[in-house]
Amino acid sequence: MSDIELITHSPEETQKLGVYIGESAQAGDIYLLTGGLGTGKTYLTQGIAWGLDIEEYALSPTFVIVRELRGRLPLYHIDLYRLDRAEEVDELGLDEYLYRNGVCVIEWAEKGLSVLPPEHLLIEISYVGETDRRFRFKPSGQHYVDLVDRLKYFIPNL
Ligand SMILES: Nc1ncnc2c1ncn2[C@@H]1O[C@H](COP(=O)(O)OP(=O)(O)OP(=O)(O)O)[C@@H](O)[C@H]1O
Ligand SMILES: [Mg+2]
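Residues numbered from 1 in each chain as written. Chains lettered and ligands numbered in written order. Predicted model: local features only at pLDDT ≥ 70, side-chain atom pairs only at ≥ 80, totals over all residues. Heavy atoms only, no water.

Engineer: Before we move on, could you go through the packing of aromatic side chains and cite the residues and values that matter?
Structural biologist: On inspection of all chains with the given rule, the structure shows two aromatic pairs. Centre to centre, the rings of Tyr81 and Trp108 are 5.1 Å apart; their planes meet at 50 degrees, and the pair counts as tilted. Taken together, the residues span a long stretch of sequence, with Tyr81 in the loop between strand E4 (75–79) and helix H3 (86–91) and Trp108 in the loop between strand E5 (103–107) and strand E6 (120–129) at a distance of 27 residues. The ring of Trp108 carries the charged tip of Lys111 above its face, separated from the ring centre by 5.6 Å. (Phe/Tyr/Trp six-rings, centres within 6.5 Å; stacked < 30°, edge-to-face > 60°. Helix = DSSP H or I, 4+ residues; strand = E, 2+ residues; numbered from the N terminus. Lys NZ or Arg CZ within 6 Å of the ring centre and 35° of its normal.)

Following this line, the structure appears as structure tokens:
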């Protein structure tokens, strides 16, 4: 199937998009976020956290790589920014989070694509303008194709 994309026009719209994703999330889901500095990965993750009924603000984990938040499902917010090589991702032992009953959101997933699970929802974010960001959804595996199909019903303009 073809990729699906939409543009948000403010940080709040990106959070709202995240809320839809969080509300649709199922145990074991893996969302890989790519896009470079300041594209909105953390804003989207905050929305996902809210959609999972997590009150805590999912601030960008600058000094920690994995942050665990409790909600309808646990959210494992992983940020690979500080890593230089994919092998370092392997050394982190992320399997502990990736194959549990929570939702994994991985910022800077481009740093570890080769060692991250092949079945996932890749969300590529790109800078369009000062307050515009493009989100491209690329599902790998039937579970994520179905997830994107469900999201299409919920998210306006998707
Ligand atoms: N449509 C938009 N969606 C999200 N953020 C936006 C948007 N327009 C402008 N912004 C701004 O872009 C920045 C996004 O910050 P955020 O921390 O989410 O980026 P990030 O991708 O997590 O960056 P980093 O690579 O540093 O982790 C914020 O300053 C926000 O105000
Ligand atoms: Mg961030």
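Engineer: Please set out the coordination of the magnesium ion (ligand 2) residue by residue, giving values where relevant.
Structural biologist: With distances of 2.1 to 2.2 Å, the protein atoms coordinating the magnesium ion (ligand 2) are Thr42 (OG1) and Glu107 (OE). Here Glu107 lies in strand E5 and Thr42 lies in helix H2 (residues 41–51), a separation of 65 residues in the sequence. (Donors = N, O, S within 2.8 Å, 3.2 Å for Na, K, Ca; no water.)

Engineer: Go over the nonpolar core, please, and point to the residues and values.
Structural biologist: Of all hydrophobic cores here, the largest spans 44 residues; its most connected members are Ile21, Tyr31, Leu75, Leu80, Leu116, Ile123 and Phe137. Ile21 has contacts with Tyr31, Leu44, Ile48, Ile123, Phe137 and Leu151, leaving out every residue within four places of it along the chain. (Core = buried A, V, L, I, M, F, W, Y, C linked by side-chain atoms within 4.5 Å. Buried < 20%, exposed > 50% of the residue type's maximum accessible area, 1.4 Å probe, protein only. Contact = heavy atoms within 4.5 Å.)

Engineer: Give a detailed account of the site of ligand 1, specifying residues and quantitative values.
Structural biologist: As a matter of local geometry, ligand 1 sits amid 18 residues, with Thr14, Gly38, Lys41, Thr42 and Tyr43 nearest to it. Within the contact set of ligand 1, a nitrogen atom lies 3.1 Å away from a side-chain nitrogen or oxygen of Thr8. Between ligand 1 and the protein, one listed contact pairs an oxygen atom with a backbone N or O atom of Gly38 at 3.0 Å. Sorting the residues of the shell around ligand 1 by element identifies helix H1 (11–24) and H2 as the ones contributing at least two each. Top contributing element to the shell around ligand 1 by residue count: H2, with three residues. (Near = heavy atom within 4 Å. Polar contact = N/O pair within 3.5 Å; in protein donor to acceptor, adjacent residues only side chain to side chain.)

Any functional reading would require information that these geometric values do not contain.
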